[in-house]
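Listed here are the chains, written in short residue letters.
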Amino acid sequence: MNTSPYPHLQQQDAKPVTIADLARMKVDGEKIACLTAYDASFAALEDRAGADVVLVGDSLGMVVQGESTTVPVTVDHMVYHSRITAAGLRRPFLMADLPFLSYATKHDALDTSRRLMGEGKAQMVKFEGGEIQADTIEHLSMRGVPVCAHIGLQPQLVHKMGGFKIQGRDKTQADTMLRDARILEEAGADMLLLECVPSALGAEITANAGVPVIGIGAGPDTDGQILVVYDILGLSPGKKPRFVRNFMDDANSLDAAVANYVAAVKSGDYPSAAHSFT
Ligand code: KIV
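This one's a predicted model, so the numbers in the text were calculated from it and none came from an experiment.

Explain the site of the ligand to me, and be specific about the residues and the numbers.
Close to the ligand lie Thr36, Leu55, Gly57, Asp58, Ser59, Asp97, Lys126, His150, Leu193, Ile216 and Ile226. Within the side chain of Asp58, one N or O atom sits 3.0 Å away from an oxygen atom of the ligand. Protein contacts shield 94% of the accessible area of the ligand, which totals 260 Å² for the unbound molecule. Among the residues forming the shell around the ligand, the class breakdown is four nonpolar, four polar and three charged.

Spelled out as structure tokens, the structure:
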């Protein structure tokens, strides 16, 4: 018997999204709507709204725990939040971040993935890094771990980079990112996540990739979009990044705001030029 308090979990009509569905959506040109969630109630809200992918991001360090970066997030935090997010989901595909230095070796990456997929019930793991992660991606992929490779701005490198900055504006950096995307896909990445790059580079990486490319601040031409759920609901304190749109501005409920986000991604209405970088 399902004793969940969420009525949508009892419904039988919507088939869970699979990795094959996401690949097909890229081929069909159907935009993939993704959002972060960190608990069952937000997961249920996003499921009701029709989100395709839910990410338990290590952004939870900032938006849930109140830290200034994602660096303090631990594997135990991620496993806990992934498990309680999974409890609210029926249809969306569940992805979870490997936190800072929890994938520094292939062995660590496999161990952390086992915990996130086993205890945390995630269906895909995401971690940051370009070519340097190719061996790790191959190692995980060959052992049945679906991987999303996060390139462009890598928030876990904040102390190394000296802040959060747009990536790929100069040609050398852009060429390196194009090459990284190809190498990571060849190593076995099933999805790419591209953060804070000029729209033209987002479009070029997406056009060259055989796997879905999800963007955040990467322009309108990626195969899908993701935002931090608290950002689209106007809950995050401080200055709003350029790529964020507050969907509560035109909505009278949380359900309407999240549904409007999904609809805007699906129709291509979000992101506009105002939410993109040149
Ligand atoms: O941690 C996170 O929420 C993320 C998104 C910003 C893509 O990686």
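Let's hear about the pattern of salt bridges: which residues, and what values?
The full count for this structure, using the stated rule, is 16 salt bridges. The salt bridge involving Asp52 is made with Arg91; its shortest N-O contact spans 3.1 Å. You can see Asp52 sitting in the loop between α2 (40-49) and β2 (53-56) and its partner Arg91 sitting in the loop between α4 (75-86) and β3 (93-97), a full 39 residues away along the chain. Among the ionic pairs, Asp111 bridges to Arg114, the shortest N-O distance being 3.2 Å. Taken together, the residues Asp111 and Arg114, both in helix α5 (residues 106-118) and three residues apart, mark about one turn of the helix. According to the relative accessible area criterion, Asp111 is partly exposed, its value standing at 36%. The network of salt bridges with shared partners includes Arg24, Asp28, Glu30, Asp52, Arg91 and Lys266.

Please set out the environment of Asp250 residue by residue, giving values where relevant.
Along the chain, Asp250 falls in the loop between α10 (229-232) and α11 (254-267). Counting along the chain gives ten residues from Asp250 to Asn260, while the straight-line C-alpha distance between them is 8.7 Å.

Talk me through the packing of aromatic side chains; I want residue IDs and the actual numbers.
This model, assessed by the stated rule, comprises seven aromatic pairs. Summarising the aromatic geometry, the rings of Phe247 and Tyr261 are spaced 5.5 Å apart at their centres and angled 85° between planes, so their arrangement reads as edge-to-face. Separated by 14 residues along the polypeptide, Phe247 in the loop between α10 and α11 and Tyr261 in helix α11 bring together distant segments of the chain. Using a relative accessible area of 0% as the deciding quantity, one classes Tyr261 as buried. With a centroid separation of 6.0 Å and an interplanar angle of 75°, the aromatic rings of Phe247 and Tyr270 are classed as edge-to-face. Residue Phe247 is found in the loop between α10 and α11, and its partner Tyr270 is found in the segment after α11; the two are separated by 23 residues along the sequence. Comparing Phe247 with Tyr270 shows no difference in burial state: the two are buried.

Quick rundown of the nonpolar core? Include the residues and the values.
Ranked by size, the top nonpolar core spans 86 residues in total, and within it Leu192, Leu227, Ile232 and Tyr261 carry the most contacts. With seven residues, helix α8 (residues 171-187) is the single largest residue contributor to this core. With residues near it in sequence (within four places) discarded, Tyr261 still touches Cys34, Leu35, Gln225, Ile226, Leu227, Ile232, Phe247 and Tyr270.

Go over the packing of α8 against helix α9 (residues 199-208), please, and point to the residues and values.
One can describe the packing of α8 onto α9 by two numbers: an axis separation of 10 Å at closest approach and a directional angle of 25°. Taken together, the axis directions place α8 and α9 in an arrangement best described as roughly parallel. Here the hand of the crossing between α8 and α9 comes out right-handed. Together, Ala174, Met177, Leu178 and Ala181 of α8 and Leu201, Glu204, Ile205 and Asn208 of α9 make up the contact between the two elements. Counted by class, the contact of α8 with α9 contains six nonpolar, one polar and one charged residues.

Which residues make up the pairing of strand β1 (residues 32-36), and what values go with them?
β1 sits mainly inside the fold: five of its five residues count as buried. When β1 meets strand β8 (residues 224-227), the two strands line up parallel, connected through four bridges. For Cys34, the partnering residue across the bridge sits in β8 and is Ile226. Both β1 and β2 contribute to a ladder of three bridges, which runs parallel. For Cys34, the partnering residue across the bridge sits in β2 and is Val53. Regarding topology, α2 serves as the crossover connection from β1 to the parallel β2, and that connection is right-handed.

Rules used in this analysis
All residue numbers refer to positions counted from 1 along the written sequence of the respective chain. Residues qualify for local features only when their pLDDT is at least 70, as the model is predicted, and side-chain atom pairs are given and counted only at 80 or more; totals for whole chains, interfaces and linings, by contrast, use all residues. Heavy atoms throughout the structure, all of them, feed into the side-chain values; hydrogens and water do not. Proximity is defined per residue: any heavy atom of the residue falling within 4 Å of a molecule or strand makes that residue near it. By the criterion applied in these results, polar contacts are pairs of N or O atoms within 3.5 Å in which, for protein atoms, one can donate a hydrogen and the other can accept it, and in which residues neighboring in sequence qualify only through two side-chain atoms. Working definition of accessibility: Shrake-Rupley area with a 1.4 Å probe, residue cover restricted to the visible protein chains. Under the convention adopted here, Pro, Cys and the residues Ala, Val, Leu, Ile, Met, Phe, Trp and Tyr are nonpolar, Asp, Glu, Lys and Arg are charged, and Gly plus all remaining residues are polar. When a carboxyl oxygen of Asp or Glu lies within 4 Å of a side-chain nitrogen of Lys or Arg, that pair is called a salt bridge. For helices the rule is a DSSP run of H or I covering at least 4 residues; for strands it is a run of E covering at least 2, with both sets numbered from the N terminus onward. Only protein chains enter the accessibility calculation, which uses a 1.4 Å probe. A residue is then buried if its area is under 20% of the maximum for its type, exposed if over 50%, and partly exposed in between. Side-chain rings of Phe, Tyr and Trp, where Trp is taken by its six-membered ring, are said to pair if the distance between their centres is within 6.5 Å; with planes under 30 degrees apart they count as stacked, over 60 as edge-to-face, and otherwise as tilted. Side-chain atoms within 4.5 Å link the members of a nonpolar core, which is a set of buried Ala, Val, Leu, Ile, Met, Phe, Trp, Tyr and Cys residues. The criterion used for residue contact is that any of the two residues' heavy atoms lie within 4.5 Å. Only the contacting stretch of a helix is used when fitting its axis, a line to C-alpha atoms as for every element, and angles between N-to-C directions run 0 to 180 degrees. To sort the angles, those under 35 degrees are grouped as roughly parallel, those over 145 as roughly antiparallel, those from 65 to 115 as roughly perpendicular, and the leftovers as oblique. Helix crossings get a hand from a simple test, with the near helix turned counterclockwise from the far one by less than a right angle marking a left-handed crossing and a clockwise turn marking a right-handed one. Strands are labelled as partners when DSSP assigns at least two bridges between them. Convention used here: a crossover is right-handed provided that the path from the first strand, over the helix, to the second strand proceeds clockwise when the strands point away from the viewer.

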